[in-house]
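# Examining the three-dimensional arrangement
Given next are the chains, with one letter for each unit.
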Amino acid sequence: MLKIMLVDDESIAREAMGKLLDWQKFNARVIGSFSNSLEALDEMANELPDILITDIKMPVVSGLELIERAKEMNPLLQCIVLSGFDEFDLAQSAMEKGVRYYLLKPCNKSKLENAINACISQMEIENGEL
């Protein structure tokens, strides 16, 4: 079963992500929903996610730094950014750090499902399953 981690400083966004999708459909479960990157990184010391879905601009530790540090722990980690900021520089920096998708809030169910499916396909390729 795939492990998903959600990180966003907005509680409404975290709750929406957690409830928007039928995670079982992806053979996945949410292993944590965190309001900041430091809490997420602490949990990653115990249980690494397969897919990280995060906001990009958060207090203390940004989503970009979270991605960078999480990828050091798990280089095969698939990352999706959900951001309210439509800025090319942010998207470019995210892609340089290995983010598969940079989606803008509000994000509809279909776009998020497509991003997750693409992450799953990439994991299958990297694991030699395809």
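Overview of the structure. Small disclaimer: the values here were computed from a predicted structure and weren't measured.

### Some remarks on the overall build of the protein chain
When its secondary structure is counted, the protein chain shows five helices and five strands. Expected size for 130 residues packed as a compact globule is a radius of gyration near 14 Å; at 13 Å, the protein chain falls within 12% of this value. The principal-axis extents of the C-alpha atoms in the protein chain amount to approximately 35 × 30 × 30 Å. Residue burial in the protein chain is summarised as follows: out of 130 residues, 44% are buried. Surface accessibility of the protein chain: about 6700 Å² in total, with carbon and sulfur atoms responsible for 48%. Looking at the protein chain, you have 13 positive and 22 negative side-chain charges, and the mean spots of the two groups are 4 Å apart.

### A look at the sheet that holds strand S3 (residues 51–54)
Spatially, the five strands line up as an open sheet ordered S2-S1-S3-S4-S5, and their pairing is parallel. If you trace the sheet from one side to the other, it starts and ends with strand S2 (28–34) and strand S5 (99–104), each paired once. Here the strands of the sheet are splayed against their neighbours by 20 degrees on average, with no regard to which way each runs. The sheet contact formed by S3 and strand S4 (residues 78–83) spans four bridges and is parallel. Opposite Leu 52, over in S4, you have Cys 79 as the bridge partner. Helix H1 (residues 11–20) rests against strand S1 (2–7), S2, S3 and S4 of the sheet, and its axis sits at about 155 degrees to S1. Here helix H3 (residues 63–73) sits on the sheet and contacts S1, S3, S4 and S5; the angle it forms with S3, its principal contact strand, is near 170 degrees.

### Here's the deal with the pattern of salt bridges
When the charged atoms of two side chains lie near each other, side chains of opposite charge can form a pair. Under the counting rule described, the total for this entry stands at seven salt bridges. Between Glu 87 and Lys 57 there is a salt bridge whose closest N-O contact spans 3.7 Å. Of the two residues, Glu 87 sits in the loop between S4 and helix H4 (88–96) while Lys 57 sits in the loop between S3 and H3, which places them 30 residues apart along the sequence. With relative accessibility at 37%, the residue Lys 57 sits in the partly exposed group. Glu 65 is the partner of Arg 69 in a salt bridge, and the nearest nitrogen-oxygen pair spans 3.1 Å. Of this pair, Arg 69 and Glu 65 both sit in helix H3, four residues apart, roughly one helical turn. Several salt bridges share partner residues, and in doing so they unite Asp 8, Asp 55 and Lys 105 into one network.

### Overview of the packing of aromatic side chains
On inspection of all chains with the given rule, the structure shows one aromatic pair. Considering the side-chain rings of Trp 23 and Phe 26, the 6.3 Å spacing of their centres and the 50 degrees angle between planes classify their relative orientation as tilted. Each member of the pair, Trp 23 as well as Phe 26, carries the same accessibility label: buried. Over the ring of Phe 85 we find Lys 57, and its NZ or CZ is 4.2 Å from the ring centre.

Conventions used here
Residues numbered from 1 in each chain as written. Predicted model: local features only at pLDDT ≥ 70, side-chain atom pairs only at ≥ 80, totals over all residues. Heavy atoms only, no water. Helix = DSSP H or I, 4+ residues; strand = E, 2+ residues; numbered from the N terminus. Rg over C-alpha atoms; globule rule 2.2 N^0.38 Å. Buried < 20%, exposed > 50% of the residue type's maximum accessible area, 1.4 Å probe, protein only. Areas by Shrake-Rupley, 256 points an atom, 1.4 Å probe, with all protein chains shown as cover. Lys, Arg positive; Asp, Glu negative; His and termini not counted. Charge placed at Lys NZ, Arg CZ, Asp CG, Glu CD. Pairing = 2+ DSSP bridges. Axes fitted to C-alpha atoms, helices over the stretch in contact; angles between N-to-C directions. Contact = heavy atoms within 4.5 Å. Salt bridge = Lys/Arg side-chain N within 4 Å of Asp/Glu carboxyl O. Phe/Tyr/Trp six-rings, centres within 6.5 Å; stacked < 30°, edge-to-face > 60°. Lys NZ or Arg CZ within 6 Å of the ring centre and 35° of its normal.

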